[in-house]
Amino acid sequence: MMQTNHAAHTTVPVLELAHLSKSYGEVRAVAGLSLSLNPGEVVALLGENGAGKSTVVNMITGMTRPNSGQIRVRGKEVLIASPRDALDRGIGVVHQHYALVGDFTVAETLALGRAGPGRLNRQALHAEVRRVAERIGMQIEAGALIGSLDVAGQQRVEILKALSREVGLLVLDEPTAVLSPEDVARLFDVVRALRADGVAILMVTHRLADVFAVCDRAAVMHSGQLVCDLPVMDVTSEGLISAMISGSTDTVQESERMPGDVMPARQAAPANDAPTRVSVRDLALRRANGSQAVQGLSFDIRAGEIMALAGVDGNGQSELVQCLAGVNLPDGGTAEICNCSSDGPWSPRVLRHAGVAHVPDDRRRQAIISDLSLGANMILSHVFSRRYGRAMLDWSRARDDTSRAIDEYDIRTTGPDQPIGRLSGGNQQKLVLARELLAGPKVILAAHPSRGLDIRTIGAVQNILRQQRDAGAAILLVSADLDEIRALADRVVVLAAGGAFGPVDMAQTDTAQIGAWMAGHT
Amino acid sequence: MDLMFLTGLLASGVRFAIPLLFAALGETIGQKSGVLNVGLEGIMLVGAFLAVAFSVATGSPWGGLLAAILGGAALGLLHGLFAVRLKVDQIVSGLALILLGLGLSGFGYRLVFAGQPSMRVPGFDRLDLGVLSDLPLLGPLLFSHHALAYLGILLAVGLWWIMTRTGLGLTIRAVGENPKAADSAGIDVDKVRMLCTIFGGAMAGIGGAYLSTAQLAGFVEDMVAGRGFIAIACVVFARWNPLGVLAVALIFGIADAAQIRLQPFFPQVPYQFFVTLPYVLALVALAGAARSSNLPAALTQPYRKS
């Protein structure tokens, strides 16, 4: 790994943040943060949700302005007023949510905002795409439509877009969150090529594996402050986790050890005679656009068992969960859950009545209504079970249930009447879990239950799933996170490119094999 | 059905198509930038009235046309102020525009022309292209229209070229598809949308002017009679493609001409049945094309910087 720290005294940093602070109303998002990046240096910016990472990124890229402190670009103090301003100063950013136009080609994407109003010179644009792509060893078709590219392809376009200008610093916001292990490796090749080119890279990430794979320095934020800024060779993953959750680099105390980072002993393997709760036979599913999402998929889930459904996003996971939740009918084959069959009545109402709980992956769109209170959101899944009455809603019971959930799941809120949109993602997710588990479900469909949550909440969510498993629930865990799968699953089935691998026992496979399957290799 | 009937039908179909063409082309650009203007009907009415008023005042239909363009642009600007700058719901602002246009044109007409039951409106004459216009079949079909008709066809081709081949078109499409992407590329989203909405208003103004100074010669209250809505249907049916708009506007124009010409053949059928024909066609078209993937992704969504 290239080490550039010793050169810091002689070279001028590309970016220097000095005592930056930013408050939103009463909340202090970033407090007195100082950080510098040298040319050809890859720095990881770590921290739990709400630690202030996004605010730092927003200040660097001109989305918001700091209340105090200075930003220096190549030694010169600057005021970054807008994203455009940041670009002009050589600061490129690839956001977590891409800003791309679906019906543009790659070349047109590069032209947007830079070409004049007149006729587009397509040949010159295509040549430029090839030039930039070659510089960093990236494969990309200049004439390809953005909408036809997968997530990794679109990310490459975003990187290309940033690099088509003279860029001294590239900010990557959670770049590996949605990539398959193979695409992650390819991304890291690009990062290394850029580093060799003298570009400084700030990589905001949740994943410790990224830090050790490609970064030179690790900077950890905790409640708005920088608590650790060390060369990667001087840190351990335990140290980083400790800094992220407690703000200290001392060893983590036993009581605070995250359940997710140590594999807990399985309390009891599911008995062989445990009843089968979910049975899928030769299932075929189509996407909304008519393309084949899943084909010939068969598996069973017994009571007291967690089946992981692994795979990179968009390989049919959401279609499968939607089908098993009763939203869609299969396009072929059958699904059976707790004596309900897709050949008979099959709807969310029927399946919920049979004991299915559903934790959707798109929390904001499918699981909660932001403007409604926690209590009202609690009721949503239980309207038909009449837990809260028939015609008139039993609000006091809903409030009681919600208050109990707030205590039990440690939800940070002002109370059951607060609109759920005001809560952090982790706390929203805990309420969704509390709601779904309220009636003691027999089957739990958990789609990316811990995605985007901070380490502490991930541990809590995983523990909840373990408790449910031990209580006899059959759980389908959709996840792309190998660590999570390893920590939770008894068996795993992998979806990739329309096909399915497995199911296999977790004891008889390893994460490398699962990663290979996710990438489509047998 | 003889050949004369057919040429007559097609030729008058072209004439009926032109107002739709202008309004729909302008609306295409507006919608491509993400702004829906359901108020075309009102703008066309104001355009029709202004064209008559200023043709009479200046003695030239071109003076009337200019007034209609300016009036249409002003109403487009108004829609832009509400829908783009103030982020008012685009449907609500558009509906207000319909009522405003209906009131303004009717009131203005009574104010200006009160007590003048019949007056001569200097209208557009058909171009006389000499030999070409006298050709059998092709003459009436292709070479005997108002100058505006040819301008409309040129505009359709020109706008298609701009939208698909130029940086300006790229900018407009980006603003309507993903304003955030456009913003991060340094494009002033609201400004682009404003200009497109103003352009759309001006084009609807031309459509109205054509109705009152080329197709007919004079203003009648509510004379646009739903063509503003048909124009919106044209945009959807044509999948937001200016060349498609040309084709679809012709189809609707011919349908309109057909319903008028078919009426005398079937005296036993109530004429209202025929009058509804173009609207039925619009419904069918919308039902078929509404789920098009060409729909600008950010249509009707105001852009707020986060």
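Cut-offs and rules
Residues numbered from 1 in each chain as written. Chains lettered and ligands numbered in written order. Predicted model: local features only at pLDDT ≥ 70, side-chain atom pairs only at ≥ 80, totals over all residues. Heavy atoms only, no water. UniProt positions renumbered as here; feature names shortened; annotations may be inferred. Pairing = 2+ DSSP bridges. Helix = DSSP H or I, 4+ residues; strand = E, 2+ residues; numbered from the N terminus. Axes fitted to C-alpha atoms, helices over the stretch in contact; angles between N-to-C directions. Contact = heavy atoms within 4.5 Å. Left-handed = near helix turned anticlockwise from the far one by under 90°. Nonpolar A, V, L, I, M, F, W, Y, C, P; charged D, E, K, R; others polar. Buried area = accessible area lost by both parts, 1.4 Å probe. Salt bridge = Lys/Arg side-chain N within 4 Å of Asp/Glu carboxyl O. Polar contact = N/O pair within 3.5 Å; in protein donor to acceptor, adjacent residues only side chain to side chain. Domains from an automatic or database assignment. Buried < 20%, exposed > 50% of the residue type's maximum accessible area, 1.4 Å probe, protein only. Patch = residues over 30% accessible without salt bridge, like charges linked within 9 Å, V, L, I, M, F, W, Y side chains within 5 Å. Areas by Shrake-Rupley, 256 points an atom, 1.4 Å probe, with all protein chains shown as cover.

You'll find chain B entered in an unreviewed UniProt entry as Nucleoside ABC transporter membrane protein, with Salinihabitans flavidus given as the organism. Turning to chain B, the UniProt record has this under Subcellular location (unreviewed entry): "Cell membrane".

By the naming in an unreviewed UniProt entry, chain A goes by Nucleoside ABC transporter ATP-binding protein and is assigned to Salinihabitans flavidus.

## Digging into the sheet that holds strand β16 (residues 356-359) of chain A
Residue and element names in this part refer to chain A. Spatially, β16-β17-β18-β13-β19-β20 is the arrangement adopted by the six strands of the open sheet, whose pairing is mixed. Edge positions in the sheet fall to β16 and β20 (499-505), since each of these pairs with one other strand and no more. When strand polarity is set aside, the average angle formed by the axes of neighbouring strands in this sheet is 15 degrees. Pairing between strand β17 (residues 443-447) and strand β18 (residues 474-479): five bridges, direction parallel. Following the sheet pairing, alanine 446 is matched in β18 by leucine 477. Contacting β16 and β17, helix α14 (residues 425-437) runs over the sheet at an angle of about 170 degrees to β16. Set on the sheet, helix α15 (residues 455-470) makes contact with β13 (305-310), β17 and β18; between it and β18 the angle comes to about 150 degrees.

## Topic: the packing of helix α3 (residues 61-85) of chain B against helix α10 (residues 189-215) of chain B
Residues and elements named next belong to chain B. Running from amino to carboxyl end, α3 crosses α10 at an angle of 145 degrees, the nearest separation of the two axes being 6 Å. Both α3 and α10 take part in a crossing whose hand is right-handed. Touching Leu65, Ala68, Ile69, Gly72, Ala73, Gly76, Leu77, His79, Gly80, Leu81, Val84 and Arg85 of α3 are Asp190, Lys191, Arg193, Met194, Thr197, Ile198, Gly201, Ala202, Gly205, Ile206 and Ala209, all from α10. Taken together, the residues that form the contact of α3 with α10 break down as twelve nonpolar, seven polar and four charged.

## Brief notes about the interface of chain B and chain A
Across the boundary between the two partners, chain B contributes 19 residues, which contact 19 residues of chain A. The contact between chain B and chain A buries some 1600 Å² in all, and 60% of this surface belongs to carbon and sulfur atoms. It is B:Leu170, B:Arg173 and B:Ala185 in chain B that bury the most area against chain A; as a group they hold 28% of the surface buried on that side. On the surface where chain B and chain A come into contact, there are one salt bridge. Residue A:Glu108 pairs with B:Arg173 through a salt bridge whose shortest N-O separation is 3.5 Å. One can count seven residue pairs in polar contact (both at pLDDT 80 or more) joining chain B with chain A. For the side of chain B that touches chain A, the secondary-structure elements that each account for two or more residues are α7 (147-165), α8 (167-177) and α9 (179-184) of chain B. Here the side of chain B that touches chain A gets seven residues from one element, more than from any other, and that element is α8(B).

## With respect to the domain arrangement of chain A
Residue and element names in this part refer to chain A. In terms of domain boundaries, chain A breaks down into domain 1 (261-355 + 441-522) and domain 2 (373-439). On the side of domain 2, eleven residues touch domain 1, which itself brings eleven residues to the contact. Of all residues in domain 1, the largest losses of buried area upon contact with domain 2 belong to Arg349, Arg352 and Ile464, amounting jointly to 42% of the total for that side. Between the two partners, domain 1 and domain 2, sit one salt bridge. Close ionic contact of glutamate 436 with arginine 352 constitutes a salt bridge, the shortest N to O distance being 2.9 Å.

## Considering the UniProt feature "transmembrane region" (unreviewed entry) in chain B
Residues and elements named next belong to chain B. According to UniProt, the "transmembrane region" (unreviewed entry) feature falls on residues 6-26, 38-56, 62-84, 91-112, 142-163, 194-217, 229-257 and 269-290. Helix makes up 100% of residues 6-26 and strand 0%, with an end-to-end C-alpha separation of 30 Å. Along residues 62-84, the helical share is 100% and the strand share 0%, with 31 Å between the first and last C-alpha atoms.

## Brief notes about the environment of B:Met4
Residues and elements named next belong to chain B. If you trace the backbone, methionine 4 turns up in helix α1 (residues 3-32). For methionine 4, a relative accessible area of 66% gives the class exposed. Sequence separation of methionine 4 and leucine 250 is 246 residues, and the distance between their C-alpha atoms is 19 Å.

## A look at a nonpolar patch on the surface
Residue and element names in this part refer to chain B. A surface patch of nonpolar side chains, about 350 Å² in accessible area, is lined by Leu77, Leu81, Phe82 and Leu86. Secondary-structure assignment places leucine 77 in helix α3. The class of leucine 77 is partly exposed, set by a relative accessible area of 35%.

## Notes on the sheet that holds strand β6 (residues 91-94) of chain A
All names here are of chain A. Spatially, the six strands line up as an open sheet ordered β6-β7-β8-β3-β9-β10, and their pairing is mixed. The strands lining the two open edges of the sheet, one partner per strand, are β6 and β10 (225-231). Taken pair by pair, the neighbouring strands of this sheet meet at an average axis angle of 20 degrees, ignoring direction. For strand β3 (residues 42-46) and strand β8 (residues 200-204), the ladder comprises four bridges, and the chain directions are parallel. Of the residues in β8, the one forming a bridge with valine 42 is isoleucine 201. Helix α5 (residues 151-163) contacts β6 and β7 (169-173) of the sheet and is inclined by roughly 170 degrees relative to β6. Along the sheet face, helix α6 (residues 181-196) touches β3, β7 and β8 and points at about 150 degrees away from the line of β8.

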